[in-house]
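# Structure assessment
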Amino acid sequence: MTTDGRIPEELRRARYLSLTTFRKNGSGVATPVWYAAEGGKLYVWTRTDSWKVKRLRNDPRVEVAVCDVRGNVPDGAVRTPGTARLVTGEELRHVRGLLSRKYTYQFWLVDWPAMIARLGKRPHTGIVVTL
């Protein structure tokens, strides 16, 4: 993060984020995710039953870096530590809106079938990362 509390430009404009969460034994697990940056925070959308959500329930520490769709972090990319919290309700709707604006039709192709298959219950959780 910059000294004035803003997200670095590299993280603001990248398409994918490598989000590292930590197991109980302290080892990190990196996963590429869709995300959006707003107001000094990063917002992530993920399935509620994912392992990253389970790990975050035990340990809020994270590390983020830009990556490609497969999770490959470029040589020399800055890895930034932070903390994360899981969100639902109105905050989750805000996360959905941010990602819908950033990824448009790609996001809709994932979100709508999930909602229909679950009879209107979206099986997703929002993650708010503070660096």
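In the block above lies the structure referred to throughout.
Structure report, in brief. (Residues numbered from 1 in each chain as written. Predicted model: local features only at pLDDT ≥ 70, side-chain atom pairs only at ≥ 80, totals over all residues. Heavy atoms only, no water.)

When its secondary structure is counted, the protein shows three helices and seven strands. Reading the protein from its N terminus to its C terminus gives the helix and strand order α-β-β-β-β-α-β-β-α-β. Within the protein, the proportion of its 131 residues that are buried is 43%. Summing over all exposed atoms, the protein offers an accessible surface of approximately 7,500 Å²; the carbon and sulfur share of this is 53%. (Helix = DSSP H or I, 4+ residues; strand = E, 2+ residues; numbered from the N terminus. Buried < 20%, exposed > 50% of the residue type's maximum accessible area, 1.4 Å probe, protein only. Areas by Shrake-Rupley, 256 points an atom, 1.4 Å probe, with all protein chains shown as cover.)

Further remarks concern the sheet that holds strand β7 (residues 124-130). Here seven strands make up an open sheet; going across it, the order is β2-β1-β5-β6-β7-β4-β3 and the pairing antiparallel. The sheet is open, and its two borders are formed by β2 (28-33) and β3 (35-38), each paired with just one other strand. Taking each pair of neighbouring strands and ignoring which way they run, the sheet shows an average axis angle of 35 degrees. As paired elements, strand β5 (residues 61-67) and strand β6 (residues 80-87) share four bridges and run antiparallel to each other. Following the sheet pairing, Val64 is matched in β6 by Thr80. Each of β1 (16-22), β2, β4 (41-47), β5, β6 and β7 touches helix α2 (residues 51-58); the most contacted strand, β1, lies at about 50 degrees to it. (Pairing = 2+ DSSP bridges. Axes fitted to C-alpha atoms, helices over the stretch in contact; angles between N-to-C directions. Contact = heavy atoms within 4.5 Å.)

Further remarks concern α2. Within the span of α2, buried status applies to Lys52, Val53, Arg55 and Leu56. End-on view of α2: buried residues confined to an arc of 165 degrees, all on one side of the axis. Exposed residues pointing more than 90 degrees away from the buried face of α2 are listed as Trp51, Arg57 and Asn58. Elements in contact with the buried residues of α2: β1, β2, β4, β5, β6 and β7. (Arc of directions from axis to C-beta.)

So, on to the pattern of salt bridges. Where charged atoms from two side chains of opposite charge approach closely, those side chains can pair. Scanning all chains against the criterion turns up four salt bridges. One salt bridge in this structure joins Asp59 and Arg61, with 2.9 Å as the shortest N-O distance. A relative accessible area of 15% means that Asp59 is categorised as buried. The residue Arg85 makes a salt bridge to Glu91 at a minimum N-O spacing of 2.7 Å. Judged by relative accessible area, which is 39%, Arg85 ranks as partly exposed. Residue classification places Glu91 among the partly exposed positions, given a relative accessible area of 39%. (Salt bridge = Lys/Arg side-chain N within 4 Å of Asp/Glu carboxyl O.)

Another point: the packing of aromatic side chains. What describes a pair of aromatic rings is the distance from one ring centre to the other and the angle between the planes of the rings. Taken as a whole and assessed by the stated rule, the structure comprises one aromatic pair. Here the aromatic rings of Trp34 and Tyr103 are separated by 4.7 Å at their centres, their planes lie at 15 degrees, and the arrangement is stacked. Taken together, the positions of Trp34 in the loop between β2 and β3 and Tyr103 in helix α3 (residues 89-117) put the pair 69 residues apart, joining distant regions of the chain. Using a relative accessible area of 19% as the deciding quantity, one classes Trp34 as buried. Judged by relative accessible area, which is 1%, Tyr103 ranks as buried. Here the basic side chain of Lys54 rests over the ring of Trp51, its NZ or CZ set 4.5 Å away from the ring centre. The ring of Tyr35 is capped by Lys102, whose NZ or CZ atom sits 3.9 Å from the centre of that ring. (Phe/Tyr/Trp six-rings, centres within 6.5 Å; stacked < 30°, edge-to-face > 60°. Lys NZ or Arg CZ within 6 Å of the ring centre and 35° of its normal.)

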